[in-house]
Amino acid sequence: MAEKKFVVTPWEVTGEVDYDRLIRDFGTQPISATLAKRLEGIMGDSAYLVKRGIFFSHRDLNMVLDDHEKGKGFFLYTGRGPSGPMHIGHILPFYFTKQLQDKLHVNVYIQITDDEKFLEEKRNLSYEDTQKWAVENILEIAAVGLDPEKTFILQDTEFVGHAYPLILKIARKINYSTAKSVFGFTGETNVGFSFYPSIQILPSLLEKKRCLIPSAIDQDPYWRIQRDIAESLGFHKAAAIHSKFIPPLTGMADKMSSSRPETAIYLTDDDKTVKNKIYKHAFSGGQSSIEEHRKLGGNPDVDVPFQWLYMFFEPDDQKIEEIRTEYKKGQLLTGQLKDILVEKVTRFLHDHRERREKARDRVHLYKKDGALAREMWKHDFSKS
Ligand code: TYM
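Residues numbered from 1 in each chain as written. Predicted model: local features only at pLDDT ≥ 70, side-chain atom pairs only at ≥ 80, totals over all residues. Heavy atoms only, no water.

Peer 1: Explain helix 1 (residues 19–26) here, please?
Peer 2: Regarding helix 1, the residues found buried are Tyr19, Arg21, Leu22, Ile23 and Phe26. For helix 1, the elements touching its buried residues are strand 1 (6–9), strand 3 (29–30), strand 4 (55–59) and helix 12 (220–229). Its side-chain oxygen placed 3.1 Å from the backbone nitrogen of Asp20, Asp18 serves as the N-cap of helix 1. Gly27 sits one or two positions beyond helix 1 and adopts a positive phi of about 70°. (Buried < 20%, exposed > 50% of the residue type's maximum accessible area, 1.4 Å probe, protein only. Helix = DSSP H or I, 4+ residues; strand = E, 2+ residues; numbered from the N terminus. Contact = heavy atoms within 4.5 Å. Polar contact = N/O pair within 3.5 Å; in protein donor to acceptor, adjacent residues only side chain to side chain.)

Peer 1: Can you help me understand the site of the ligand in this one?
Peer 2: Close contacts around the ligand come from 24 residues, with Tyr77, Arg80, Gly81, Glu116 and Asp218 the closest. Within the side chain of Asp218, an N or O atom sits 2.7 Å from an oxygen atom of the ligand. Alone, the ligand offers 690 Å² of accessible surface; in the complex the protein occludes 98% of this. Per element, the largest residue contribution to the shell around the ligand is four residues, and it comes from strand 5 (residues 74–80). (Near = heavy atom within 4 Å. Areas by Shrake-Rupley, 256 points an atom, 1.4 Å probe, with all protein chains shown as cover.)

Peer 1: Mind showing me how you'd approach the sheet that holds strand 7 (residues 151–155) here?
Peer 2: In a beta sheet, neighbouring strands are held together by backbone hydrogen bonds and run either parallel or antiparallel to one another. One open sheet accounts for seven strands, arranged 3-4-9-8-5-6-7; its pairing is mixed. Taken across any chain shown, the strands that pair with only one partner, and hence form the sheet edges, are strand 3 and strand 7. In this fold helix 7 (residues 127–143) packs onto strand 5, strand 6 (108–112) and strand 7, with an angle of close to 165° to the strand it touches most, strand 7. (Pairing = 2+ DSSP bridges. Axes fitted to C-alpha atoms, helices over the stretch in contact; angles between N-to-C directions.)

Peer 1: Explanation requested: the pairing of strand 4 in the structure shown.
Peer 2: Along any regular strand the residues' side chains alternate between the sheet's two faces. A large share of strand 4 lies buried, amounting to five of its five residues. Here strand 3 pairs with strand 4 via two bridges, running antiparallel. Bridging from a neighbouring strand, Pro30 pairs with Ser57 of strand 4.

Peer 1: What's the story with unusual backbone geometry in this structure? I'm lost.
Peer 2: Generally, phi is negative for residues other than glycine and the peptide bonds are trans, each holding for most cases. If you check the backbone angles, Asp60 has positive phi at about 55° while not being a glycine. Within the secondary structure, Asp60 sits in the loop between strand 4 and helix 4 (61–69). Backbone geometry places Asn124, a non-glycine residue, at a positive phi of 60°. Given a relative accessible area of 68%, Asn124 falls into the exposed group.

Peer 1: Whenever I open this one, the pattern of salt bridges confuses me. Can you help?
Peer 2: Opposite charge on two side chains makes pairing possible when the charged atoms of those side chains draw close. As enumerated under the stated definition, the model contains 25 salt bridges in all. The partner of Asp25 in a salt bridge is Arg21, and the shortest N-O contact between them spans 3.5 Å. Pair noted here: Asp25 and Arg21 are both in helix 1, with a separation of four residues, about one helical turn. Residue classification places Asp25 among the partly exposed residues on the basis of a relative accessible area of 47%. (Salt bridge = Lys/Arg side-chain N within 4 Å of Asp/Glu carboxyl O.)

Peer 1: Whenever I open this one, the pairing of strand 2 (residues 12–15) confuses me. Can you help?
Peer 2: The pairing of strand 1 with strand 2 spans four bridges and is classified as antiparallel. Bridge pairing in strand 2 links Thr9 to Glu12. The turn joining strand 1 and strand 2, which pair antiparallel and follow one another in sequence, is formed by two residues.

Peer 1: I tried to follow helix 7 on my own but got confused; where do I start?
Peer 2: Because each turn of an α-helix spans 3.6 residues, side chains separated by three or four positions end up pointing in the same direction. Taking 1.5 Å per residue as the helical rise, helix 7 with its 17 residues ought to reach 24 Å, and the 25 Å between its terminal C-alpha atoms agrees with that figure. All of the buried residues along helix 7 are Thr130, Trp133, Ala134, Asn137, Ile138, Leu139, Glu140, Ile141, Ala142 and Ala143. Note on helix 7: the residue one or two positions beyond its end, Gly145, has a positive phi of about 90°. (Expected span 1.5 Å × (residues − 1).)

Peer 1: Teacher, can you tell me more about the packing of aromatic side chains here?
Peer 2: Each aromatic ring pair is specified by the distance between its two centres and by the angle formed by the two planes. A complete count under the given rule lists 27 aromatic pairs for this structure. Their ring planes at 75° and their centres at 5.0 Å tell us that Phe312 and Phe313 sit as a pair that is edge-to-face. Neither residue differs from the other here; Phe312 and Phe313 are each classed as buried. By way of ring pairs, the aromatic residues Trp11, Tyr77, Tyr176, Phe183, Phe185, Phe193, Tyr196, Tyr222 and Trp223 are connected into one cluster. The side chain of Arg52 reaches across the aromatic face of Tyr310, ending 5.1 Å from its centre. The aromatic ring of Phe235 is capped on one face by Lys208, whose charged end is 4.5 Å from the ring centroid. (Phe/Tyr/Trp six-rings, centres within 6.5 Å; stacked < 30°, edge-to-face > 60°. Lys NZ or Arg CZ within 6 Å of the ring centre and 35° of its normal.)

Quick look at the structure:
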């Protein structure tokens, strides 16, 4: 049978992603049942994203946990490209990172790549746009509630100059043919964008401990290069834990897109918009009439409301399995499943927004004045 076509790069996700094939193509490891159990032992209930296979792939996660157990420690790194409002998928790695920090009390570095989003020409963003979105997005991230003394948010256009000596050392190790083959750069690519991978690698080298990077699997190509060069610079190879993509509301293929607002729910969407989007646009795995549905049941595997509950909004294992069973048997109707999702998303967004208002006064701690931020701004990168 011909393999289905899909594309996953840091800038593009199209088609219906075959995650097993991505593991093979990217050369990562599936998270085995043993490794998942080990993480569950540490994270407790908050490991549901791992247990359910939402975080499904990794690099060297076992070595990170070894280092943790031996008392060597490790640190976390994740990021956001401020190209517009953040949707539910964008915030998932940050909540997961918070769960890890809460349990393990490790440092977290968050890179805001305003430079990347300016250089990515097809987005057509002005420099001012990227600055505005950086401010907005940082507030969304602050709302997640990471420890302000142990979390450093580095906005590239502000911090990269300070770290330039180490960035130069990274850049000199990456030759153009590697960058071209990993990222598909061509003669049309601007030189800023060609240099940019050195900048996304930087935060993985901010400590001499092992770095664990939670994100969706689209960002992995950077870590492939990082792992080729880190040891020669005296650092550890980056470890990563990769998630699947929360699918667009409109169906299991492609990704949520800012140019098609009906595909995504944004953290800024109000209650009415949430309701409208879910009732109008969420792809259903139910049957075309109530009678048929009662007779044949729905298909949770392609039903986006079910998938959203499973992937993020219903952490309770027993509840989600009840929903699955009732939906498959046709006892739960499409409209009722959508009601459950609307209720969950609305509550989540209410709580998130409340935290966002409280977080306004904390942003300076993440960026400049918290203990980790101060340490980083003081650090002499010519000696890294
Ligand atoms: P960005 O802004 O495209 O995405 C931010 C984070 O969200 C993840 N993501 C998703 N996760 C689940 N479901 C989805 N539908 C979904 N869409 C996006 C991304 O994988 C990412 O983790 N270049 C990066 C910024 C960056 C970064 C990093 C990200 C810099 N350093 C280190 C992760 C780790 C970017 O533009 O991400």
